[in-house]
Every structure is written in structure tokens, then in C-alpha cells.
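# Descriptive structure summary
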Amino acid sequence: MLVVFISFLVIPIVESQAEQVDESKKILALIVPGLSFNEAEWLIYHGDSSIWKNASFGAMNVRSDGPYSYLNHMVTIGAGAKAVGVQGWNSFELDEEINGFEASEWMYQLTGFKPMTGLVHPDYHRLEDKNKETTHKGSVGLFGEILKQHDIARAVYGHSDTLEEKVRYGSLLAIDQSGYVSGQLKEAVQHKTGAPYGIEMNEDFLINKLSTNVEKGNQFFVIEWGDLYRLYDQQNYMEVHHFEREEKRQLKRISSFVTRARNEVDQVWLLAPMMNKQAYDERKQLAPVFYWGENAGGFLTSNTTKQDYLVSSLDLIPTFLAAYDIQEKGFSGNAIKQSNIGMVDKTPVITRVNEIVLIYKSRASVLSIYISCLVIALIVAAIFGFLGANKRQTWRYITRLILLCALWSPFWFLALAGVVDKLGIAGFVLTLITGSFLCGYIVERTARNPIFWIGSFTFLLMTIDVFMGSPLMQRSYLGYDPIIGARYYGIGNEFAGVYLISAMMLLHPILTHSNRVLRIAYITIMLLFLTIVLGKNTLGTNAGATLSAGLAFAFLCYRSVFQTWSWRLLVLLFGGALSSLFILLYMLQLTGEQTHIGLAFERLLNGDLLYIKDTIQRKLAMNWKIFKHSNWTQLFVTSYLLGAVILYRKRLQLNELGKQLFLQTGVISSFALLLLNDSGVVAAATSMFCVVSAHYYWLSVSKEENEFVIGKTINPGQAVED
């Protein structure tokens, strides 16, 4: 009886301990440098189809704070924020030689600390200091530190060494803030005759490490699978057909290892921090990411991108923490989610990535030609805008037609965004030109107010697109690029400028109405609508455009009420408008999922002024970079010079009050976009182009109809111009 009684006491304890062991979680991050969508596509369609079909699949933006490189991208992944590496960074085992000394001794010489276990990182302090100086303030080792605090064991295996250099960056994903992580680099790689540089990953050794339950709690493994990296490094010296055979062999080895590893751990993440040079040159600069967990199949997405099939490398750390049920704030990314669980066909991801790459490859050439055409159109319009009323009527008609076509072009850039891959680049450009010309010709011949109709159609299409989640803007040449990764959702800066001016085009007929109260009512309604569409975290999510719209329409209200200038009243009005808009913008972030605007407000309310300062510095640096290197600078400079000429010449002025208000408000909105947006040069260029084009169109029409008076002053507070 005593034995039975004791067994009743012991058995539940044993079962409870077994349950605790079962509840422990193993996660493997398999780092495969050199893997691109070219190889991923081969694995999906030619590898062990069962393992790849059962994976969740997505594309990952891997942009760092510096140039494209394996090191910079791994530092970014490990920090959970955009970061940059330091020259000479590497990971070593204790007994390896560095500059003639054992690694542990070299570490002691540099830091005063001599490690006795784990891997050695002599340059950890340099890496940490360098990233403290950046505006992103990437905290190297924070993820590993959090894992350590929660008693989660960390281990790193393998390397990507070549004949000429050591490449050991896998530890960056698991290192803690003292520069420590356990692991074995050399034993995870074995000698293999015929393999690139005579070595390859030791699959049996790695599986043994994954299956051995030395640790009783949660574990996080990082394996740097360097075989593809070595293969592509040796490619230039290899016979072509042999390289192709070796590439397939290495891909099959990855497939074999993943199949075996899947049986030893709870989750497997296969990550490519950097694609090979061939894929990079082909502009296939999104990295494939595979996940095997509880649910098979499907695709990967996150709140960082809010796009199907697309995640950011900043999302990986929050995802790993969420897998261990660790709630930790302060990271820029969001936990990756699975969608369409159970779907094994990976074609939608491949198709979407091909669309993104097509736009990215041809964006520079298409926009360069487009921007040059807009600049030429403005210059031609300016030349004929200064000619007399009784000369060159045919040329002025052609100029008006060109201006209307140019104003229609943003509409067609957006409308045709979903069919670029079907039309091809040449077909897209031809369709864009044809559509813009036909629409320009039709409104010129049939419409009493062509500018109003252009603004109405453009405003309506962009509004519908934003309410649908911006599916067209995400694919447009004038939209945002997932490979660049500056923005993933909402309304981008190129279209933000067009959207504000198209709203003014839509309002233009109302601005001539004699009932002042009615004018102000329409302006107020439009301002509230723009604030919601541009600022709501589920819609436009563009803080700079929201504040710019508020300032522009506050000025418009002022000019609709007062006929004379009062700078004191203007300053008070702008200050009150900005304060009100900040409050409203904050309220628009309170419901729904957090965005970058919500994060900024959260940091601001927590007193993190350094974060706000760094954000402002990044925006200024981005604007300066765009101004120095972007094609948009041509349009920016041309439109602003002509805008200055329009405002300051003293001899001729359009009579209509609505056109005067449109011009003045458009200039205010363009300046606001320039100052408040991170890519303000672009938004300012597109908005000022629309303002100047509309003005020159109206000026040409007024000359044609002889509806101007030479030397007439409209009112004492307003200059007249040619």
C-alpha cells in the first residue's frame, strides 16, 4: 500500500516535469548567404517538393543603414533596426589565431577581458560604438541579451569562410551585449574533395547538435550555411556546366538538411541576408524567406509592410521573441504573420516578386525620360506664356495640349500600374502617352474647365486606391518601392504632392463663388477629408502630407476671408492649424494597428526626444541626398524657378480670384511638402509642377480669349505678373 501511495505522489510530478520539457521550444535560424529568388524558385519546383510546398514563403527587404553587403545586413537583422558593420568584424573560436595571437589573448589585449568559453568577438565594442553614432541607433546584441535574461540558450554553428578570408557573421543574430554567444564554427564544416574551396557544411554534426537535449529549457540555434556563399565566390573560376551541376548539388543538400532539421526543432527559419552577385546585378534584391512551424503552407506578411508576401528584415527579432512569448517593445519591426495557411502553391509570391523587380529595373529609365519631358513641357509653356496675345495661336494651342497631357500623366501612371508586366515597358510607355494625349485632347475640346476634370478624375482614382489599401500605388512607377524600402503602405510622396493639388483643382470652381460662407464650408470639408485620408493609420499614413494639407487649406481659408495680408495673423493661424492637426493626427492613430506615425507619437509621449531628433536628421539627410542625386531635382528646380517668375513678375495677372487663390495655395502646399516630408524634394516637385502647369494653361487660355488687362493691379496687397 505504501508503494502504491508513493507512486500516486511521484507519477504526477514526473508527468508535470515531462510536460515542462515538452513545452520547451527550439528555434533554428538557418542563414544561407548567397541564396536568391533564382535558387528559391528552383528549390520550390525542382527540389524536394514536399518540404518546400509545406513551408510558409515570402520576400524580405534586407536594406541596412549602409551599402548592400552581407555584414551590414546581418548587423541589421541582429539589431532589429537599420545598422551598419565595421571593417574587420568577425567571429572566432578561442584557439584561433588573430594577428599572431590566440583569439582569447587578442581579445584580452583589446578589451581587458579574456574569455574562457564561447566565441570571441574582438571588434564588438567598435561595432557597438559605430551604431550609437547613427540616427537609427541600432542596439547590437539586444536580442541576445533578452534571450539570456529569459534563460534561453543560444548557440551558433558554421561559417562562410573562403580561401582568402574568414566570413563568420551568423553570431550577429544571437550575440548578447557583452559580446558572448556559445558555438562551434570549424567543426560544423568538414573537408570535402571537389566542394568549393574543399570544404562544406557537416550535415550530420549539425543534426546531432540540434537533436541533443543538453539544455532543458528553450533554445535558439543559428547555423551559418556557407556552402552557397563559397560556391558563388568561386564561380568566376569554374567551368560553366560544372558550376551548374555543383549549384544543383548544393541546393539539394540544403533541401536534405532542412528536411532532417525539421524533425529536430519546433520552428525553422531559412533566411538569406544577401543574394549572390548575379541576382544582385539582375536587380533581384529581395531575399527569399521560408518558415516551417505548426501550420503548413501559406505566405508571410507583417504590419511593417502591410503587403501580401512581403516582410522586412527588421521583423525577424520581434518574430523570434513572440515565438518565445516574450513581450518586448523598442524594436522597429513587427512579428511576421502567416496568411493563406495550407496553400502550397508558391507561384503568387514568385509572380509578385517578378513584378517588383520589373518596376525596380526600369524605374530609373522610365522616370528619367518622364521627368525630362515634364521639364521640357514647362519650359516651352513658359516661353509661349510670355508672347503677345495676337501671335502664334497654333503653338499656344499645342502648348496647352501638352500641359493637359502632362497633368493627366499621374492618373495614367496609377491606372496602368497593375498591368505593367502584361504590357511590357515599351507597351506601358506607349499606353501612358496615348491615354494622356487622348484625355488631354478630349477635355481641351469638350470641357469648359479642363483643369477641374483632370483634378476630379485624379483625386477620385487616388482616393479609391488608398481606401482599397493602395494596390495600384504599390505597383506604380510613381509609388514606393519594396526593394528600396523607404515606405511600404499608404500614400507615397510622389503621389502626395499630386493628391493635394488635384484636391485644389477639384475645389477651384468653388473658389470663384460669390458666397464666402459657402466657399469656406467647402474648403473646411475638403480639409477634414484630406486629413482623414492622408493621416489615418489604415489609409494614407503620411504625416508630412497631412500637415502640409492643413497648412495649405488654413491659408486658403484665410485668403477667402481676408483680402489683405497680415503676417501676424498668418503666423497665429499656421500655429493654431499645426497644433490642431498634430492632435487630430494623433487621434487617427489610436485605433487599428500601429504604424510608423503611431510609433513616433509613442516615443514622443514617452519623452524620447532623441528618437524625434534622429528622425528629423534622417529626413533632412534623405532630402539632401535626393536633391544631389535624383532626377526629380530637374523638375524641382525648373518648377520652382518658374513659380518664382509667376509670383514676382509685375505686368500681367489672371483676373479670376479662384485662379489667384489656387496659385498662392499651391505654392504654400508645395513649400510645406518640401519642409515636412522625408522625400520632400519629390513631393514638392510634383506639386509645384501641377501648380505651374495649371497656371500656364489658364494664362494661355486668357490670352487666347483676350481676357487680361495690361498693367492692371488686382488689389493693393497683390502683385501682378506676366
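Refer to the structure above for everything that follows.
Residues numbered from 1 in each chain as written. Predicted model: local features only at pLDDT ≥ 70, side-chain atom pairs only at ≥ 80, totals over all residues. Heavy atoms only, no water.

Within the secondary structure layout, Thr162 lies in the loop between strand S5 (153-157) and strand S6 (182-184). Residue classification places Thr162 among the buried residues on the basis of a relative accessible area of 12%. For Thr162, the contacting residues outside a window of four places in its chain are Tyr197, Tyr229, Arg230 and Asp233. (Helix = DSSP H or I, 4+ residues; strand = E, 2+ residues; numbered from the N terminus. Buried < 20%, exposed > 50% of the residue type's maximum accessible area, 1.4 Å probe, protein only. Contact = heavy atoms within 4.5 Å.)

Before going further, it helps to spend a moment on helix H18 (residues 516-535). Here H18 is 20 residues long and its end C-alpha atoms lie 28 Å apart, about the 28 Å a rise of 1.5 Å per residue gives. Listed as buried for H18 are Arg519, Ile523, Met526, Leu527, Leu530, Thr531, Val533, Leu534 and Gly535. Close packing links the buried residues of H18 with helix H16 (450-467), helix H17 (493-511), helix H19 (543-561) and helix H20 (567-587). (Expected span 1.5 Å × (residues − 1).)

What follows is about helix H9 (residues 227-234). With six of eight residues buried, H9 lies mostly within the body of the structure. Restricting attention to buried positions, one finds in H9 the residues Asp227, Leu228, Arg230, Leu231, Tyr232 and Gln234. Lining the buried residues of H9 we find helix H2 (37-46), strand S7 (189-191), strand S8 (199-201) and helix H10 (240-261).

We now examine the state of the cysteines. Tallied over the entire structure, the rule returns zero disulfides. Left unpaired, Cys405 is separated from the closest cysteine sulfur, that of Cys439, by 8.7 Å. For Cys405, a relative accessible area of 13% corresponds to the buried category. (Disulfide = S-S within 2.5 Å.)

Burial analysis of strand S11 (residues 287-292) places six of its six residues in the buried class, the great majority of the element. Taking every second residue as pointing to the same face, both faces of S11 are buried, with Ala287, Val289 and Tyr291 on one and Pro288, Phe290 and Trp292 on the other. Where strand S2 (residues 56-61) meets S11, five bridges bridge the pair, whose relative direction is antiparallel. Counterpart to Phe57 in the pairing with S11 is Phe290. (Pairing = 2+ DSSP bridges.)

Geometry of an aromatic ring pair is reported as the spacing of the ring centres plus the angle between the planes. By the definition in use, this model includes 35 aromatic pairs. Relative to Phe320, the ring of Trp269 has its centre 6.2 Å away and its plane inclined at 80°; by these criteria the two rings are edge-to-face. A residue pair is termed long-range when its members are at least 10 positions apart, and Trp269 in strand S10 (residues 267-271) and Phe320 in helix H12 (residues 316-323) qualify at 51 residues. Aromatic side chains Phe459 and Tyr499 sit 4.7 Å apart centroid to centroid with 5° between the ring planes, which places their arrangement in the stacked category. Of the two residues, Phe459 sits in helix H16 while Tyr499 sits in helix H17, which places them 40 residues apart along the sequence. Of the two residues, Phe459 and Tyr499, neither departs from the other in class, the shared state being buried. It is Lys306 that lies over the ring of Tyr489; its NZ or CZ is 5.4 Å from the centre. (Phe/Tyr/Trp six-rings, centres within 6.5 Å; stacked < 30°, edge-to-face > 60°. Lys NZ or Arg CZ within 6 Å of the ring centre and 35° of its normal.)

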